[in-house]
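Examining the three-dimensional arrangement
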Amino acid sequence: MRLRVFQTQRDAGVYTAAQVERIILEEERPVLGLATGSTPIPLYEALVHLYQSGLDMAHVTTINLDEYIGIPAMHPQSYRFFMQHNLFRHVNVPLSQIHIPDGMALDLPAECARYDEVIRKHPIHLQVLGIGVNGHIGFNEPDDLLVSKTHVVHLRQETVESNARFFASLDDVPKRAITMGVQAILQAQHIVLMAFGEEKADIVARAILGEVRTDVPASILQLHRDVTVILDEGSASKIDAASRTATVV
Ligand code: PGA
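Now for a quick tour of the structure. Since the model is a prediction, treat every value here as computed from it, not as a measurement.

1. What about the overall build of the chain?
Scanning the chain from N- to C-terminus turns up eight helices and ten strands. The C-alpha extent of the chain, read off along each of the three principal axes, is 50 × 45 × 35 Å. Within the chain, buried positions represent 54% of all 249 residues. Pairs at least 24 apart in sequence give 78% of the contacts found in the chain among residues at least 6 apart. Of the roughly 11300 Å² of accessible surface on the chain, a fraction of 52% belongs to carbon and sulfur atoms. Positive and negative charge centroids in the chain, built from 21 and 30 side chains respectively, lie 3 Å apart.

2. Here's the deal with the site of the ligand
Lining the immediate environment of the ligand, one finds Gly37, Ser38, Thr39, Gly130, Ile131, Gly132, His136, Arg165 and Lys200. Side-chain polar atom of histidine 136 to an oxygen atom of the ligand: 2.6 Å apart, as the coordinates give it. Here the shell around the ligand is built from residues that sort into one nonpolar, six polar and two charged.

3. Describing the packing of helix α2 (residues 41-52) against helix α3 (residues 79-86)
Taken N-terminus to C-terminus, the directions of α2 and α3 make an angle of 40 degrees; their axes are 10 Å apart at the nearest point. By the angle between their axes, α2 is oblique relative to α3. Where α2 abuts α3, its residues Ile41, Tyr44 and Val48 lie against Phe82, Met83 and Asn86. Looking at the contact of α2 with α3 residue by residue, the classes come out as five nonpolar, one polar and no charged.

4. What about the sheet that holds strand β7 (residues 151-154)?
Spatially, β4-β8-β7 is the arrangement adopted by the three strands of the open sheet, whose pairing is antiparallel. The open sheet terminates on both sides in strands that have one partner only, identified here as β4 (66-68) and β7. Within this sheet the neighbouring strands show an average axis-to-axis angle of 25 degrees, counted without direction. Pairing between β7 and strand β8 (residues 176-179): four bridges, direction antiparallel. Bridged to histidine 151 within β8 is threonine 179.

5. Description of the pairing of strand β10 (residues 227-232)
Within β10, six of the six residues are buried, leaving the element largely enclosed by the surrounding structure. Neither face of β10 is open: one carries Val227, Val229 and Leu231, the other Thr228, Ile230 and Asp232, and all of them are buried. In terms of strand pairing, strand β1 (residues 2-6) meets β10 through five bridges, oriented parallel. Its bridge partner lying in β10, phenylalanine 6 is registered against aspartate 232. The sheet contact formed by strand β9 (residues 190-195) and β10 spans five bridges and is parallel.

6. A look at helix α1 (residues 9-26)
In this model, α1 (18 residues) spans 26 Å end to end at C-alpha, consistent with the 26 Å of a helix rising 1.5 Å per residue. Considered for burial, the residues of α1 that qualify are Ala12, Gly13, Thr16, Ala17, Gln19, Val20, Ile23 and Ile24. Projection of α1 onto a plane perpendicular to its axis shows the buried side chains occupying an angular sector of 155 degrees, all on one side. Projecting away from the buried face of α1 at angles above 90 degrees are the exposed residues Arg10, Leu25 and Glu26.

7. Notes on the nonpolar core
Counting 64 residues, the largest nonpolar core has Leu87, Met180 and Leu221 as the members making the most contacts within it. Ignoring any residue separated from it by four or fewer positions in sequence, one finds methionine 180 in contact with Ile63, Asn64, Leu65, Tyr115, Ile119, Ile124, Gln127, Asn140, Lys149, Thr150, His151 and Ile185. Counting eleven residues, the second largest nonpolar core, distinct from the first, contains Tyr68, Phe139, Leu155 and Phe167.

8. Details of the sheet that holds strand β2 (residues 31-34)
As summarised here, the arrangement of the seven strands in space is β1-β10-β9-β6-β2-β3-β5, forming an open sheet in which the pairing is parallel. Lying at the two open borders of the sheet, with one neighbouring strand each, are β1 and β5 (98-99). Two strands pair when backbone bridges link them, and strand β3 (residues 61-64) and β5 are joined in this way by two bridges, in the parallel orientation. Across the sheet, isoleucine 63 pairs through a bridge with histidine 99, a residue of β5.

Conventions and cut-offs
- Per-chain numbering applies: the sequence of each chain, read as written, is numbered from 1 onward.
- Predicted model: local features are reported for residues with pLDDT of at least 70 only, side-chain atom pairs are reported and counted for 80 or more only, and whole-chain, interface and lining totals are derived from all residues.
- As a convention, hydrogens and water are excluded, and side-chain values are obtained from all of the structure's heavy atoms.
- Secondary structure elements follow DSSP: runs of H or I of four or more residues count as helices, runs of E of two or more count as strands, with numbering from the N terminus.
- In this scheme, a residue with accessible area under 20% of its type's maximum is buried, one over 50% is exposed, and one in between is partly exposed, where area comes from a 1.4 Å probe on protein chains only.
- Every residue pair with non-hydrogen atoms within 4.5 Å of one another is taken to be in contact.
- Here the open area of atoms and residues is found with the Shrake-Rupley method and a 1.4 Å probe, where only the protein chains shown may cover a residue.
- For the purpose of charge, His is not counted, nor are the chain termini; Lys and Arg are scored as positive and Asp and Glu as negative.
- To locate a charge, take NZ of a lysine, CZ of an arginine, CG of an aspartate or CD of a glutamate.
- We call a residue near a molecule or strand whenever a single non-hydrogen atom of that residue lies within 4 Å of it.
- Here a polar contact is recorded for every N or O atom pair within 3.5 Å, except that within protein the pair must consist of a potential hydrogen donor and a potential acceptor, and residues adjacent in sequence are included only if both atoms are side-chain atoms.
- Residues are sorted three ways: Asp, Glu, Lys and Arg are charged, Ala, Val, Leu, Ile, Met, Phe, Trp, Tyr, Cys and Pro are nonpolar, and all the rest, Gly among them, are polar.
- Lines fitted to C-alpha atoms define the axes, with helix axes restricted to the stretch in contact, and inter-axis angles between N-to-C directions lie between 0 and 180 degrees.
- When an angle is under 35 degrees it counts as roughly parallel; over 145 it counts as roughly antiparallel; between 65 and 115 it counts as roughly perpendicular; any other value is oblique.
- Strands qualify as paired when DSSP identifies two bridges or more between them.
- Multiplying 1.5 Å by the residue count of a helix minus one yields the expected span of that helix.
- To obtain the arc, one takes the directions from the helix axis to the C-beta atoms.
- Residues grouped as a nonpolar core are buried Ala, Val, Leu, Ile, Met, Phe, Trp, Tyr and Cys residues, joined through side-chain atoms within 4.5 Å.

The following block contains the structure:
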């Protein structure tokens, strides 16, 4: 794992966008695995700036990690809406090349299988990840086991509470989601894990310096050969100086 600690989230976003641009320029048919939440917003802002400065994204395919079950695409808190609002309406990725699980699908197992087929056909070059306060990646929640394929997940109470800040009340927060499994994440060629703020400091330290454990799902990233962890001073505050300067954590 490589570790980069930035003074500001904006700097971190610009750095990550440069990694994304490199993939977009190097690959003939670049495939980006994308995340939602507050963490990747500085990345998407920087990517929009790159697009406005001449970066063509017409040949890019995107595959999002997850989607809530039971709220329609037009709902302001759906991840489809988030992606449209923060990235897709500003850039030129064609709609047909944008993939997000359908949280309104009537047949959820079929939707999960369809999504795995999308991932199989479009191997991910670079996967962007946030990390939940409980260590989840995508919506792969802490558990006795981690599920490899795309699946329906019942969100943990701490995740529902963390997401409640975006909804009118706790009752309005969806309790289930479709998420990409850990296999697709680990099969990405490159992974960038982003985390900002002191509330992520403990879990970041456990994920990258602790043991690999299914109750800290992000720790599984230690098994991947090309992960860059992108932090700010707050999220890096529980990582000692020696680990910070090591090339490989
Ligand atoms: P956040 O969510 O970026 O809104 O903190 C991260 C996550 O839950 O993966």
